[in-house]
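Spelled out, the chains give:
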Amino acid sequence: MRQRSSPALLAATAAASALLLSACGSAGTAATADAGPPRPGGTLRLGISSNPDCLDPQQVGTNAALNVGRQVVDSLTDQDPTSGEIKPWLAEKWEVSPDAKAFTFHLRQGVTFSDGSPLDAAAVKASFDGIKALGAKALLGAGYLAAYQGAAVVDPRTVTITFSAPSAQFLQASSTMSLGVLAPSAFTRSAEQRCRGEGLIGSGPFTVASFTPNREVVLAKRAGYAWGSGLWGHQGEAYLDKVSFQVVPEPGVRTGSLASGQLDAITDVQPVDEPQFTSGGFTEPTRPNPGIVFNLTANTTRGVLTDVAVRQAVSKGIDRAEVTSTVLTANYKAATSVLGSATPFHTDLSKELAYDPDGARKALDAAGWVPGADGIRAKGGQRLAAGVVFSPVFNQNQSVLELIQQQLRRIGFDLRIDLRTTAESLQVQQSGQYDFLWYNTTRADPDILRQLFSTKAGNRAKIAPGELDTALDAQAATVDAAQRGPAAERAQRLIVEQAYAIPVFELTQVLGVGPKAHGIEFEASSRLRLFDAWVSP
C-alpha cells in the first residue's frame, strides 16, 4: 500500500480553487471582527425551513437533517471546502491500495463517544457494518458503500475497510456526516429510535438534548471535546452552550423572525428576501452546492429525446444567464458544467453551454423539424415536445421551469411541466417513465456522475454502455489526481456534449445571519459547521 498521510488527491485545478475561494469568502460572518474575540456560552437560535424527519446522519438525506447531524458525529477525515483536499480528523493518516479497494486508517488517541466509550477500530468497524445493514434506509451511505466488503480491526487504532470494486470516492465519502461514526451502543437501538435521537451517540462537539418534531431540535455542548478537525478555527470545546434548530417552514415568517431578533440566523433565504440581510448589521453567507447542478436529464430512449440533435438544440435554446438574473439573484451561478463549480475536478464548459438560439434553430431545421402554425415544430406527424417531472424541493423550481418553457418555445420546442410530490417524483424516476427529470444532487466528489449516469448504476439518461462508462470507471479506479482529473473531465464533456443532461444553474445555500451571531460556516458539501459559531450579548 502507498503511504498517504495527507493526500491532495482531491485537489482541484488552480482555476477551480480560485472559484472556490470566491464562493467561500462569505462563509463566516463579517460582523465577527467588530464583535471582538469569540465568547463561550449562549444559545444560537437557528431557523430552518423543514422538519428534520430523522436525526440520524447515517440515514438521512435532507439538508435540514444533515445540518443537525453534522454537529453530533465526527468523521474519519475532513474535506477542505476551498481546495477539496482530504485532511485528517479522527484518522491521523491513511493508506490506499493501488487498486483503490482497500483503505487503512490510523486513528488518533483519546477520542471518546458521548457515552464515555472509546472510539477505536472496533467501534469504527461496528459503525460501518451498521450503515451497510441499514440498506436503503442509508439514503446517501448506501451509495458510498455499494461495494463495501467489510472492515477489519488490525489493532485498536488501525482499521482496514475493503471494497469489491475500485472505490476512489470512498476517501471523500469518509469525510461526510453520512458516514460519521456512531458508538456501538447506538446500534442497540432500532433505526427508528435513532431517527428520533434516542441513543444517537456520536463523538461530535454537540449531543442531542431534545427533539420535538415539526418544532425544534436542541443540541447541547459536549464537555471535554478535544479532537476537532485541523480545518476548524479553534481547538477544544465548541463555543456555544446550545443550538436551537427551530422549524419555520414559511419563508416570510422565517425572515420576519430574523429581522425582529426572534431568531439569530436562518437557512434557505429566498431570492426575493435576500436584500433584507445585506446591511444593518445582518450578513448573508453563501456557498454554491457541489455535485450535480439543477439540470434536465433526458431519457434518451423516449420520444423526441432519442435524437441527439434535439437534445443539443434544447441545451442551446436555454439562456442560463436570464434564469439566474430574472428568477434568481446574483448569488446563483449559471451552470458551467453538469458538476457545480465547488466540486473537485469541475471542468468549465461554458463555451459548450453558451446560449445560441440561432444555432438551435439551424440544428432543428437540418434535422427536419418544421415550425407549425403555433410555432412548435413537428416532423412526420410528431410534435417536438417533451415533459419534465419535478418536485418543489427548491421554492423557485416552478418559476425557473416556466421561464425555460418560454425560452424553448422560441426555438419551436414545447416543454410540458409536470409538478409532483417528492415521493411521486422518486417513483417516476424509478419507473423510467419520464422524458426529462429536473433535480440536483449534492456531493463534493465527481463520483456522483458515476452514481447517476453509469449504466452499471443509476443510468438516469438510459444510455447504452460505452465511452461514458469507461470514463466514469476510470475516475473511480484511482485516488491519484493526475489520473482521476482527466477521467472526470472526459465524463463531464461527454454528458454535456451529448446532452444526456442539460445543466442550468447551481443551487446556492443562502443564510441570513443577525448581528449577534458569528462564525457560522459551511463545510465542503455546503452544510453547516457550527463548532466555531458563537453569539454576543
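Figured I'd write up the structure that's included with this text. Counting from 1, residues in each chain are numbered in the order their sequence is written. Only residues with pLDDT of 70 or above have their local features reported here, since the model is predicted, and side-chain atom pairs are shown and tallied only from 80 upward, although totals for entire chains, interfaces and linings are computed over all residues. Side-chain measures here rest on the full set of heavy atoms in the structure, leaving out hydrogens and waters.

Quick look at the sheet that holds strand E2 (residues 43–48) now. Two strands in a sheet stick together by hydrogen bonds in their backbones, pointing the same way (parallel) or opposite ways (antiparallel). Taken in spatial order, the six strands make up an open sheet running E9-E10-E11-E2-E12-E23, and their pairing is mixed. Each edge of the sheet is formed by a strand with only one pairing partner; in this case those strands are strand E9 (206–212) and strand E23 (512–513). For two strands to count as paired, DSSP must find a minimum of two bridges between them. Secondary structure elements are taken from DSSP: a helix is a run of H or I of four residues or more, a strand is a run of E of two residues or more, and numbering for both begins at the N terminus. Strand direction decides the pairing type here: E2 and strand E12 (residues 265–266), joined by two bridges, are parallel. Opposite glycine 47, over in E12, you have isoleucine 266 as the bridge partner.

What follows deals with the layout of surface pockets. Buriedness for pockets is judged along seven lines, at least five of which must meet protein on both sides within 12 Å for an open set on the 1 Å grid over protein atoms alone, while cavities are sets there where a 1.4 Å probe fits but cannot get out, and lining residues have an atom within 4 Å of a point. Grid points are joined across faces, edges and corners, and a volume is the space filled by probe spheres set on the points. Roughly 160 Å³ of volume is contained in the second largest pocket. Forming the boundary of the second largest pocket are Gly143, Tyr144, Ala146, Ala147, Ala165, Pro166, Ser167, Gln169, Arg450, Asp473, Ala476 and Ala477. Considered class by class, the residues forming the lining of the second largest pocket number seven nonpolar, three polar and two charged. Following the grouping adopted for this structure description, the nonpolar residues are Ala, Val, Leu, Ile, Met, Phe, Trp, Tyr, Cys and Pro, the charged ones are Asp, Glu, Lys and Arg, and the polar ones are all others, Gly among them.

Here we come to empty space enclosed by the protein. Following the criterion strictly, the structure yields three cavities of 30 Å³ or more and no others. Of the volumes computed, that of the largest cavity is approximately 90 Å³. Looking at the largest cavity, the residues that line it are Arg70, Gln71, Asp78, Trp89, Ser175, Pro205, Trp232, Glu523, Arg529, Leu530 and Phe531. A class-by-class count of the residues in the lining of the largest cavity yields five nonpolar, two polar and four charged.

The next point concerns the side chain of glutamate 274. With respect to the helices and strands, glutamate 274 occurs in the loop between E12 and strand E13 (286–288). Each residue is assigned to one of three classes by its accessible area relative to the maximum for its type, calculated with a 1.4 Å probe on protein chains only: buried under 20%, partly exposed between the two thresholds, exposed over 50%. In summary, the charge assignment counts Lys and Arg as positive and Asp and Glu as negative, without counting His or the chain termini. The term salt bridge refers to a pairing of a side-chain nitrogen on Lys or Arg with a carboxyl oxygen on Asp or Glu at a separation within 4 Å. The side chain of glutamate 274 is buried and forms no salt bridge, while arginine 254, the nearest opposite charge, is found at 11 Å. Contacts were defined at the residue level, with two residues in contact if any of their heavy atoms lie within 4.5 Å. Leave out the neighbours within four places in its chain, and glutamate 274 touches Val269, Glu284, Thr329, Asn331, Tyr332 and Val510.

It is worth spelling out the state of the cysteines at this point. The term disulfide is used for any two cysteine sulfur atoms that are within 2.5 Å. In this structure the tally under the stated criterion is one disulfide. Here cysteine 54 connects covalently by a disulfide to cysteine 195, the sulfurs 2.1 Å from one another. On the S-S bond that ties cysteine 54 to cysteine 195, the torsion sits near -85°, and the link is left-handed. Of this pair, cysteine 54 sits in the loop between E2 and helix H3 (63–69) while cysteine 195 sits in helix H7 (residues 191–195); the two residues are 141 residues apart in sequence, bridging distant segments of the chain. Summarising the burial analysis for this pair, cysteine 54 and cysteine 195 share the class buried.

This paragraph deals with the side chain of aspartate 74. Counting through the fold element by element, aspartate 74 comes out in the loop between H3 and strand E3 (77–79). The buried charged residue aspartate 74 lacks any salt bridge partner; its closest oppositely charged side chain belongs to arginine 70, at an N-O distance of 5.6 Å. Throughout this description, a polar contact denotes any pair of N or O atoms lying within 3.5 Å of each other; where both atoms belong to protein, one of them has to be capable of donating a hydrogen while the other can accept it, and for residues adjacent in sequence the pair is counted only when both atoms sit in side chains. Within polar-contact distance, the side chain of aspartate 74 engages the side chain of serine 203 at 2.8 Å. Those residues in contact with aspartate 74, other than ones at most four positions away along the chain, are Trp89, Leu90, Gly180, Val181, Ser203, Gly204, Pro205, Tyr225, Trp227 and Trp232.

Across the sheet, which stays open at both edges, the five strands sit in the order E19-E18-E20-E14-E21 with mixed pairing between neighbours. If you trace the sheet from one side to the other, it starts and ends with strand E19 (414–419) and strand E21 (501–505), each paired once. Taken pair by pair, the neighbouring strands of this sheet meet at an average axis angle of 30°, ignoring direction. The pairing of strand E18 (residues 385–390) with E19 spans six bridges and is parallel. Bridging from a neighbouring strand, glycine 387 pairs with arginine 416 of E19. Axis definition: a line fitted to C-alpha atoms, over the contacting stretch in the case of helices. Angles run 0 to 180 degrees between N-to-C directions.

What follows concerns the packing of aromatic side chains. Centres within 6.5 Å are what make two rings of Phe, Tyr or Trp a pair, Trp counting through its six-membered ring; a difference in plane orientation under 30 degrees is then read as stacked, over 60 as edge-to-face, and the rest as tilted. What the rule picks out here adds up to 19 aromatic pairs. Judged by centre distance (4.5 Å) and plane angle (40°), the ring pair of tryptophan 232 and phenylalanine 531 falls under tilted. Of the two residues, tryptophan 232 is situated in the loop between strand E10 (216–221) and strand E11 (242–247) and phenylalanine 531 in the loop between strand E26 (528–529) and strand E27 (534–535); the sequence distance between them amounts to 299 residues. Classification of phenylalanine 531 by relative accessible area gives buried; the value is 1%. On the numbers, 6.0 Å between centres and 45° between planes, the contact of tyrosine 332 with phenylalanine 394 is tilted. In this pair, tyrosine 332 sits in the loop between helix H10 (320–326) and helix H11 (357–366) while phenylalanine 394 sits in the loop between E18 and helix H12 (397–409), placing the two residues 62 residues apart along the sequence. Residue classification places phenylalanine 394 among the buried positions, given a relative accessible area of 10%. Among the aromatic residues, those joined into a cluster by ring pairs are Phe103, Phe105, Phe128, Tyr148, Phe163 and Phe170. Lysine and arginine charges are scored as sitting over a ring when NZ or CZ, respectively, is within 6 Å of the ring centre and within 35 degrees of the ring normal. Directly above the aromatic system of tyrosine 439 lies the positively charged group of arginine 460, at a separation of 4.5 Å from the ring centroid.

In short, geometric facts, not functional conclusions.
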